[in-house]
Amino acid sequence: MRVGRFLRRSLGCLLILCGLLCAFGWFYWLVPIRHTCDPRWCETHSQSEYWQEAQTAIRRGMWGHDDGIAVGLFGDKSWAGWIITHSRPGDDMKGCLGARLSHAGDALQYITNQDAGDKADDWLAWWQKNRLKSQLEWIQDGFRQHGISVSTPPTADQTGQLLSLLGNTQTNRAERVPRYLT
């Protein structure tokens, strides 16, 4: 009799605990990723709010498929450091499927205005050489690698060169340079 009552109480407590854990997961831990994956939520919120939710999701341990793109578009030097810190030698930095941090290489390209390659080893080596530079210096170096010297602010001549990077006005595509430069 006592054993039956003990088992019922223990099972009841276990079920309540499981319910609380599920509620925590659904209403706290998964909220940011639920928001950023919901087209209706995205339609009613600004890009700034989307970025805040994406950052929250990443900090809670959920780097989603599109997070590399969001980090590339909105991230800064601190996010480049975060990606490098969470990358391991041998990781695929450009992949979608099977990559720990999908599109992390794309994010680094947009943040740094440079392309160190598809593998984490290449980016880790790049980081060792460039981590003390500012993001502005990275961006200027990236343009310099493509033959355009840019000062801050750009001069009128440089503005013309930068606008030429935007590409063909007929096709609306950049043809001379990689996408992350435009």
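Everything here concerns the structure above.
Residues numbered from 1 in each chain as written. Predicted model: local features only at pLDDT ≥ 70, side-chain atom pairs only at ≥ 80, totals over all residues. Heavy atoms only, no water.

A.B. asks: Pulling in residues and values, what's your account of helix 8 (residues 120-130)?
C.D. replies: Listing the buried residues of helix 8 in full gives A120, W123, W126, W127 and N130. Buried residues in helix 8, looked at end-on, bunch into an arc of 120 degrees, giving them a common side. Opposite its buried face, helix 8 presents the exposed residues Q128 and K129, each directed more than 90 degrees away. Turning to helix 8, the residues buried within the fold contact helix 6 (77-85), helix 7 (104-112) and helix 9 (135-144). (Buried < 20%, exposed > 50% of the residue type's maximum accessible area, 1.4 Å probe, protein only. Helix = DSSP H or I, 4+ residues; strand = E, 2+ residues; numbered from the N terminus. Arc of directions from axis to C-beta. Contact = heavy atoms within 4.5 Å.)

A.B. asks: Any details on the nonpolar core? Residues and values, ideally.
C.D. replies: W63, V71, I83, M93 and L108 are the most contacted members of the largest nonpolar core, which totals 23 residues. Setting aside its immediate chain neighbours within four residues, M93 contacts I83, S87, L101, H103, A104, G105, D106, L108, D118, K119, A120 and W123. Residues F143, I148, V150 and L181 belong to the second largest nonpolar core, which totals six residues. (Core = buried A, V, L, I, M, F, W, Y, C linked by side-chain atoms within 4.5 Å.)

A.B. asks: Explain the pattern of salt bridges to me, and be specific about the residues and the numbers.
C.D. replies: Counted by the stated rule, this structure contains five salt bridges. The salt bridge partner of D115 is K94, with a shortest N-O separation of 4.0 Å. In this pair, D115 sits in the loop between helix 7 and helix 8 while K94 sits in the loop between helix 6 and helix 7, placing the two residues 21 residues apart along the sequence. When its relative accessible area of 41% is taken as the criterion, D115 is described as partly exposed. (Salt bridge = Lys/Arg side-chain N within 4 Å of Asp/Glu carboxyl O.)

A.B. asks: Help me get a handle on the packing of aromatic side chains, residues and values and all.
C.D. replies: According to the stated counting rule, one finds eight aromatic pairs in the structure shown. Three or more aromatic residues link up through ring pairs in this structure, and these residues are W51, W63, F74, W79 and W82. Here R34 stacks its cationic end above the ring of W26, 4.2 Å away from the centre of that ring. Looking at R60, its charged tip hangs above the ring of Y28, at a distance of 3.7 Å from the centre. (Phe/Tyr/Trp six-rings, centres within 6.5 Å; stacked < 30°, edge-to-face > 60°. Lys NZ or Arg CZ within 6 Å of the ring centre and 35° of its normal.)

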